[in-house]
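The chain contents come next:
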Amino acid sequence: MFKFALKNMAIKKIQIILVVISVVISAGVAILAFNVASQIDDGISSNAGYYSLIIGPAGSNTDLAMNSMYFTGNPTETIPYSYIDTLYKDTNVKRVIPLAIGGGTYKNQYKVVGTSSDLFASNEFASGDIFNDNTDCQVVVGYTVAQRNNLKVGDKIKIGHGTEDHGHDLEVVGILEQTYSSYDNIVFTQVKTLWHLHEHEGEEHENHNVYAFLVNTKNLTGASVLVNKLNNTVITDEHGTEYPIQAIEPMNIVRGVLDDLGDTKYITFVLCGIILAMNILIISIITLLNMYNSKKEIALMRLIGISMKKINLLYIIQNSIIGIISTILAFGASRLCLLFMSDYVQGMGVVLNYGKIYGLEFVILLGVFIITVLPTIICTYSMARKDSLEQ
């Protein structure tokens, strides 16, 4: 029966190709939309819980959160690094991590971020270890940076400020494990290394500034107290320059971003549902046409003594094969799209993992498979009931 089903499929290859294309498009779009939306949700929320608050230049609180946690932009405003001493005097503060962003690039492609070794407190290393805060010209590179540039511990890399012509050689001392986050695409170094880079470029006035401080407090109450105390205040550096600052709780900002993304996700799911509904109609029409064109074939099989139950089984097997092939191709197509979309969503600070699979994806594929086979079951069952020769 299985071999006969394959031969019958070969005869009707045009109709079968149409069904396969229809299923691949509907199922592929549905699981791709769900996977991307879920990974963006996971990626954006993954770092937000690590820090109690973020302190940075006054302005957009969303920009401050996204730039500080996911390195999505190129900030132009800064605040004095010396303010870290004031923060540590506060009894609510447990740890402060400085961030200097926009101070250089590696191969004009990968951002270089100045920070302290405390940033890697929860990170694992594929090789090497964290850099020494008391020295300079050392880097910890993200997994993707290392893989795409064949870097290993002990290698020297050149970073530049705007161009490679004025680059500085730095030693790779650590390579982070893959996290499928913005960390995979960043080169981290000591803050003082970026200061030296600015000094080389002749920028002396702001060479001891940073973009933001990531702060861990001793408890949640301490975070709220600091936000109320510091938000919309002005600090002054040793030159008498004033810097308006803001303090934000990153989880609150991320919830707002995810709410906005959630609306987009629901719209995407509605569109996917419409596509699925249209494909149900297409598959049903193609199945009905196939069954109508197969009436003579079925009559011939009945005349030579093949029972209607076996004929039903033949067509169910045939469409089951089509459904299995189609859903496998749809799943493969969605993984391929994830691979190509990875560079696009990096601007949101998220690295897509094409190997990441959610349970609901299998539910969607199962539903599409059932949609593919169900019209055949209904048609053959209806024909069997009308067949007065059925035994």
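What you see as residue numbers is a count from 1 along each chain, following the sequence as written. For this predicted model, a pLDDT threshold of at least 70 governs which residues receive local features, and a threshold of 80 or more governs which side-chain atom pairs are given and counted, while totals over whole chains, interfaces and linings are taken from all residues. The side-chain figures draw on all heavy atoms in the structure; neither hydrogens nor water molecules are used.

Regarding the nonpolar core
When a protein is soluble and globular, its nonpolar side chains tend to lie buried together.
Logical step 1: The biggest cluster of nonpolar side chains holds 38 residues, and the ones touching the most others in it are Ile-55, Val-141, Ile-157, Val-187 and Phe-213.
Logical step 2: Ignoring anything within four residues of it in the chain, the contact list for Val-141 reads Ala-146, Leu-151, Val-172, Gly-174, Ile-175, Leu-176, Ile-186 and Val-187.
Logical step 3: The definition of a nonpolar core used throughout is a set of buried Ala, Val, Leu, Ile, Met, Phe, Trp, Tyr and Cys residues joined through side-chain atoms within 4.5 Å. A 1.4 Å probe rolled over the protein chains alone gives each residue an accessible area, and that area as a share of the maximum for its type sets the label: buried under 20%, exposed over 50%, partly exposed in between. Counting residues in hydrophobic clusters, the runner-up holds 28 residues, among them Met-69, Leu-99, Leu-119 and Tyr-183. Between two residues, a contact is recorded if the distance between any of their heavy atoms is within 4.5 Å.

Quick word on the environment of Tyr-358
Logical step 1: Only runs of H or I of at least four residues qualify as helices and only runs of E of at least two qualify as strands under DSSP, and these elements are numbered from the N terminus. Along the chain, the position of Tyr-358 falls in the loop between helix H10 (308-345) and helix H11 (359-386).
Logical step 2: On a C-alpha basis, the gap between Tyr-358 and Gln-39 in space is 9.5 Å, while along the polypeptide they are 319 residues apart.
Logical step 3: Setting aside residues up to four positions removed in sequence, Tyr-358 forms contacts with Phe-34, Asn-35, Ser-38, Gln-39 and Asp-42.

Some points on the pairing of strand S11 (residues 212-217)
Logical step 1: Most of S11 is tucked away, with 6 of its 6 residues classed as buried.
Logical step 2: By the alternation rule, side chains of S11 split into Ala-212, Leu-214 and Asn-216 and Phe-213, Val-215 and Thr-217, which are all buried.
Logical step 3: Two strands pair when backbone bridges link them, and strand S1 (residues 53-57) and S11 are joined in this way by 3 bridges, in the antiparallel orientation. Counterpart to Leu-53 in the pairing with S11 is Val-215. Should DSSP find at least two bridges between two strands, the strands are taken to pair.

Here we look at the pattern of salt bridges
Logical step 1: Every case where a carboxyl oxygen of Asp or Glu lies within 4 Å of a side-chain nitrogen of Lys or Arg is listed as a salt bridge. All told, the structure shown has 4 salt bridges when counted by the stated rule.
Logical step 2: Notably, a salt bridge pairs Lys-158 with Asp-169, separated by 3.4 Å at the nearest N-O pair. Of this pair, Lys-158 sits in strand S7 (residues 156-160) while Asp-169 sits in strand S8 (residues 168-176), placing them 11 residues apart in sequence.
Logical step 3: The salt bridge partner of Arg-335 is Glu-361, with a shortest N-O separation of 2.3 Å. Taken together, the residues span a long stretch of sequence, with Arg-335 in helix H10 and Glu-361 in helix H11 at a distance of 26 residues.

Describing the packing of aromatic side chains
Logical step 1: Any pair of Phe, Tyr and Trp rings, taking the six-membered ring for Trp, is counted once the centres come within 6.5 Å. Such a pair is stacked with planes under 30 degrees apart, edge-to-face with planes over 60 apart, and tilted for the rest. Evaluated as defined, the whole model comprises 10 aromatic pairs.
Logical step 2: Considering the side-chain rings of Phe-120 and Phe-131, the 5.7 Å spacing of their centres and the 85 degrees angle between planes classify their relative orientation as edge-to-face. Linking Phe-120 in the loop between strand S4 (110-115) and strand S5 (125-128) with Phe-131 in the loop between S5 and strand S6 (138-141), this pair joins segments that are 11 residues apart in sequence. Judged on exposure class, the residue Phe-120 and its partner Phe-131 are both buried.
Logical step 3: Where Phe-120 meets Phe-188, the ring centres are 5.3 Å apart and the plane angle is 85 degrees; that geometry is what we call edge-to-face. Of this pair, Phe-120 sits in the loop between S4 and S5 while Phe-188 is found in strand S9 (residues 186-190), placing the two residues 68 residues apart along the sequence.
Logical step 4: By relative accessible area, Phe-120 is classed as buried at 4%.
Logical step 5: Taking NZ or CZ as reference, Lys-356 lies 5.3 Å from the ring centre of Tyr-358, over its face. Put simply, a charge is over a ring when the Lys NZ or the Arg CZ is close to the ring centre, within 6 Å, and near the line of the ring normal, within 35 degrees.

What about helix H3 (residues 61-70)?
Logical step 1: Counting buried residues along H3, 7 of its 10 residues qualify, which places the element largely inside the surrounding structure.
Logical step 2: Residues of H3 that are buried: Leu-64, Ala-65, Met-66, Asn-67, Ser-68, Met-69 and Tyr-70.
Logical step 3: Structurally, the start of H3 carries an N-cap: the backbone nitrogen of Thr-62 is 3.4 Å from a side-chain oxygen of Ser-60.
Logical step 4: A positive phi of about 55 degrees marks Phe-71, the residue just after H3. In protein, a polar contact means a hydrogen-donor-capable atom and an acceptor-capable atom, both N or O and within 3.5 Å, with residues adjacent in sequence counting only if both atoms are side-chain atoms; elsewhere, any N or O pair within 3.5 Å suffices.

Topic: the environment of Val-153
Logical step 1: Within the secondary structure layout, Val-153 lies in the loop between helix H5 (143-148) and S7.
Logical step 2: Each C-alpha atom of the pair Val-153 and Gly-174 lies 5.9 Å from the other, and the pair is 21 residues apart in sequence.
Logical step 3: Residues contacting Val-153, with those up to four places away along its chain left out, are Ser-127, Gly-128, Val-172, Val-173, Gly-174 and Ile-175.

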